[in-house]
Amino acid sequence: MSKPIVRFAPSPTGRIHIGNARQALMNALFARREKGVFVLRFDDTDLERSRREYADSIEVDLAWLGIPPDVVVRQSERIEFYDAAAERLRDVGRLYPCYETAEELEFRRKRQLARGQPPIYDRAALKLTQEDREKLEAEGRRPHWRFRLDHRVVGWTDMVRGESQVDCSSLSDPVLVREDGTYLYTLPSIVDDVELKISHVIRGEDHVTNTAVQIQIFEALGAHIPLFGHINLLTTASGEGLSKRLGHLSLTSLREAGLEPQAVASLAVLVGTAESVRPVADLDELARLIDFNHISRAPAKFDEHELEQLNARLVHEMPYEAVRSRLAALDADGGEAFWLAIRGNLTKVVDAAEWWVIVHGPIVPIITERAFIDDARKLLPPAPWDAGTWKTWTDAVKAATGVKGKALFMPLRQALTGLDHGPELGALLPLIGPERAKARLSGEAA
Ligand code: GLU
């Protein structure tokens, strides 16, 4: 295979969500694995709804995921290419002017439905004479332009779905150009796929019907047709579609919530495939796991709880060097021993800050067994403390008081940390240190 050129083509009308990230990752990681090119194309021909700030945030999100694009293009800067293609389609008689208003179309649609007919555009505009058109224009009407579909079955070999076909005789001729001369999604997408020599169009399953239409337009333009792969969509855990407009699970919000990009990427790529969903610590390995032949046909459910669990599993394995600067930024860099003591109790790296306070204070100790805790305090071993101190101490307390098991450990944990759960005390005790431990066992906030 020659080097693939792929693209992720969001419209910058909102922040991208995890479902969009799935499509972006499938493209970017495929390109990475095959040493190809990953293009980020902003579908921003809708000037009303597209915003530069959304485009910028999408770039930040992709960089955070570790998949910055090799090339960025904006459709709003490429209109001349679309104009040329539209001209070509007019020349070959495939793009025709229509003058119906939205109300007229709606009325016809309702009438068709009432008669039990499919609501397909009836091509009335094809029957207009030059005179009719001039008359309509003289009334101030401006045309929108439709592509005249061939009413036939269009087939392709889908990278994901295998042999695929769509019967275009049941489709309306798509509008490519609006009344005001601006373009809808379809034509610019094809023109850019041609101009940028996109070899594989990998996108959501919601585009299957578009693909049939687009193949006809590629053909009408005499252009090379890329390969297509349609990936199942992600839904919420309760099965609703994700919506950019509703701000569903935006990557920005996941990032701000302190989730690891690798956790997000692992879930976004592996869910709904033959691979088990698990944390994969590097993108190259994740790229190797992508297999377009084994992506499920059913929509895949995205569960935020599952994401947290993946995140926790990644964090539990993270070496100190990988998090050192982040701990410093949280004011919680307690050194390697601190990190190794607490990482198994974290869901997110940011949670380290809470454990730093537990170690470093001040905390309010919980003392339930005053006399027992006094006895235990008196038995604290002399400094310096190390990983064996906890055992030495608790053996001595057990021997002196006869208390053992949970009745021994829980009051000590509560007095030393103010909590009834947490990391191994063997690891925490030397971090808390003799001075603070004594104060806490005396009931002082320290
Ligand atoms: N802007 C389109 C979308 O977000 C791109 C679809 C495509 O990949 O062709 O759905």
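The structure under discussion appears in the preceding block.
Residues numbered from 1 in each chain as written. Predicted model: local features only at pLDDT ≥ 70, side-chain atom pairs only at ≥ 80, totals over all residues. Heavy atoms only, no water.

Caption draft 1: The packing of helix α17 (residues 406–417) against helix α18 (residues 425–441), seen in detail. It is at 9 Å that the axes of α17 and α18 come closest, and there the two elements cross at 70 degrees. Between α17 and α18, the angle is such that the two are roughly perpendicular. The two elements α17 and α18 meet at a crossing, and its hand is left-handed. Contacts between α17 and α18 pair R413, A415, L416 and T417 from the former with L425, L428, L429, I432, A437, R440 and L441 from the latter. Considered class by class, the residues forming the contact of α17 with α18 number 8 nonpolar, 1 polar and 2 charged. (Axes fitted to C-alpha atoms, helices over the stretch in contact; angles between N-to-C directions. Helix = DSSP H or I, 4+ residues; strand = E, 2+ residues; numbered from the N terminus. Parallel < 35°, antiparallel > 145°, perpendicular 65-115°, else oblique. Left-handed = near helix turned anticlockwise from the far one by under 90°. Contact = heavy atoms within 4.5 Å. Nonpolar A, V, L, I, M, F, W, Y, C, P; charged D, E, K, R; others polar.)

Caption draft 2: Local environment of unusual backbone geometry. In this model, G361 is joined to P362 through a cis peptide bond whose omega is -5 degrees. The residue P362 is located in the loop between α14 (352–360) and α15 (370–378) in this model. Unusually for a residue other than glycine, K35 sits at a positive phi of about 55 degrees. Phi is positive for K197, close to 55 degrees, though the residue is something other than glycine.

Caption draft 3: Focus on the sheet that holds strand β5 (residues 144–147). Here 3 strands make up an open sheet; going across it, the order is β4-β5-β8 and the pairing antiparallel. The open sheet has two edge strands with one neighbour each: β4 (95–98) and β8 (175–177). The sheet shows a mean angle of 45 degrees between the axes of neighbouring strands, taken without regard to direction. Pairing of β5 with β8 involves 2 bridges; the strand directions are antiparallel. When the bridges of β8 are listed, W145 appears paired with V177. The strands that helix α3 (residues 79–91) touches are β4, β5 and β8; relative to β4, the one it contacts most, it runs at about 90 degrees. (Pairing = 2+ DSSP bridges.)

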